[in-house]
Amino acid sequence: MTEICLVRHGQTDWNLNERIQGREDIPLNETGRKQAALSAAYLAEEQWDVLISSPLSRAVETAEIIGQSIGLSLTETDERLVEREFGTASGEPIAGIYEAVQANDAERVPGLETEAEIQQRVFSAVEELTEKYRGKRLLVVCHSHTIKAALSSIDETFSYRTPLKNACANYIRFSDRYEIERINVADHITI
């Protein structure tokens, strides 16, 4: 069996200010670093074999903080794990554009990567990593919509409207098929 824990990066200033954050390389803020450390302490209670990240700095820094706690260096980054392309919505207040993004409305949000596109991109990475590291336990640090794309590829009833907390853990496993074990594990994130 291969087990994968998809970890969302810690908070950034854009998260704090409720701005749509796509592929812009926004760094962690101090709260985000503390959240990553809390996630690291939680994840250190388990044994992990491989540490992978999106190449965006907020994910890489979260992965490095976790890696220091669990005794792993970053194994690789994968471009397919970057956040969703939000097109013209990037940088905008979430409240003003939320419904159009949730409706997958590329007409109202030019340049928006569709759910089908992000699912294909992300799940191809998940499948490749599963094959490459068969039988291992993988930590994959990435982004909210990246995680939602993976989860909705496994379970079509999973909704992109499900909020995921910063630095939360989401567990999936593969034996003969992919299964979701737990999502949005974040009781350890106290800030």
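My aim in this report is to walk through the structure given alongside it, one point at a time.

Reading guide: rules and limits
Residues numbered from 1 in each chain as written. Predicted model: local features only at pLDDT ≥ 70, side-chain atom pairs only at ≥ 80, totals over all residues. Heavy atoms only, no water. Helix = DSSP H or I, 4+ residues; strand = E, 2+ residues; numbered from the N terminus. Rg over C-alpha atoms; globule rule 2.2 N^0.38 Å. Buried < 20%, exposed > 50% of the residue type's maximum accessible area, 1.4 Å probe, protein only. Contact = heavy atoms within 4.5 Å. Pairing = 2+ DSSP bridges. Axes fitted to C-alpha atoms, helices over the stretch in contact; angles between N-to-C directions. Parallel < 35°, antiparallel > 145°, perpendicular 65-115°, else oblique. Nonpolar A, V, L, I, M, F, W, Y, C, P; charged D, E, K, R; others polar. Left-handed = near helix turned anticlockwise from the far one by under 90°.

1. Regarding the overall build of the protein chain
Check the secondary structure of the protein chain and you find six helices and six strands. Start at the N end of the protein chain and walk to the C end: the helices and strands fall as β-α-α-β-α-β-α-α-β-α-β-β. At 16 Å, the protein chain has a C-alpha radius of gyration in line with the 16 Å of a compact globule built from 191 residues. C-alpha extents for the protein chain along the principal axes are approximately 45 × 40 × 25 Å. Expressed as a percentage of its 191 residues, the buried residues of the protein chain come to 52%. Pairs at least 24 residues apart make up 72% of the contacts formed inside the protein chain by residues separated by at least 6 positions.

2. Some words on the pairing of strand 1 (residues 2–8)
For strand 1, the buried fraction is high: six of the seven residues fall into the buried class. Bridge analysis of strand 1 against strand 5 (residues 169–174) gives six bridges, and the strand direction is antiparallel. Residue pairing across strands places Glu3 opposite Arg173, the latter belonging to strand 5. Pairing of strand 1 with strand 4 (residues 137–142), which is carried by six bridges, proceeds in the parallel orientation.

3. So, helix 6 (residues 144–154)
Counting buried positions along helix 6 yields nine of eleven residues, so the element is predominantly enclosed. Among all positions in helix 6, only Ser144, His145, Thr146, Ile147, Lys148, Ala149, Ala150, Leu151 and Ser152 are buried. Looking at the buried positions of helix 6, the neighbouring elements they touch are strand 1, helix 4 (94–102), helix 5 (115–132), strand 4, strand 5 and strand 6 (178–185).

4. Some remarks on the environment of Gly111
Here Gly111 lies in the loop between helix 4 and helix 5. The sequence separation of Gly111 and Ala89 amounts to 22 residues, and the corresponding C-alpha distance is 8.5 Å. Each residue touching Gly111, except ones within four places of it in the same chain, is listed here: Glu85, Phe86 and Gly87.

5. Points about the packing of helix 5 against helix 6
Where helix 5 contacts helix 6, the axes come no closer than 8 Å and their chain directions differ by 80 degrees. As judged from the angle between their axes, helix 5 and helix 6 are roughly perpendicular. For the pair helix 5 and helix 6, contact is made by Ile118, Gln119, Val122, Phe123 and Val126 and by His145, Thr146, Ala149, Ala150, Ser152, Ser153 and Ile154, respectively. Taken together, the residues that form the contact of helix 5 with helix 6 break down as seven nonpolar, five polar and no charged.

6. Some words on the packing of helix 2 (residues 30–43) against helix 3 (residues 57–70)
Two elements in contact, helix 2 and helix 3, have axes separated by 8 Å at closest approach and are oriented at 40 degrees. In this structure, helix 2 meets helix 3 at a crossing whose hand is right-handed. Along its contact with helix 2, which presents Arg33, Ala36, Ala37, Ser39, Ala40, Ala41 and Leu43, the element helix 3 presents Glu61, Thr62, Ile65, Ile66, Ser69 and Ile70. The residue inventory of the contact of helix 2 with helix 3, partitioned by class, reads eight nonpolar, three polar and two charged.

7. Structural notes on the sheet that holds strand 3 (residues 76–77)
With mixed pairing, the six strands of this open sheet are ordered in space as 3-2-4-1-5-6. Here the strands that pair on one side only, and so sit at the sheet edges, are strand 3 and strand 6. Running over the sheet, helix 3 touches strand 1, strand 2 (50–53), strand 3 and strand 4 and is turned about 145 degrees from strand 4. This element, helix 5, spans strand 1, strand 2, strand 3, strand 4, strand 5 and strand 6 of the sheet and lies at about 110 degrees to strand 6.

8. Considerations on unusual backbone geometry
At Glu18, a residue that is not glycine, the phi angle is positive and equals roughly 55 degrees. Turning to its location among the elements, Glu18 is positioned in the loop between helix 1 (13–16) and helix 2. For Ala167, which is not glycine, the phi dihedral falls at a positive 70 degrees. For Ala167, the position within the fold is in the loop between helix 6 and strand 5. Overall, the relative accessible area of 0% leaves Ala167 in the buried class.

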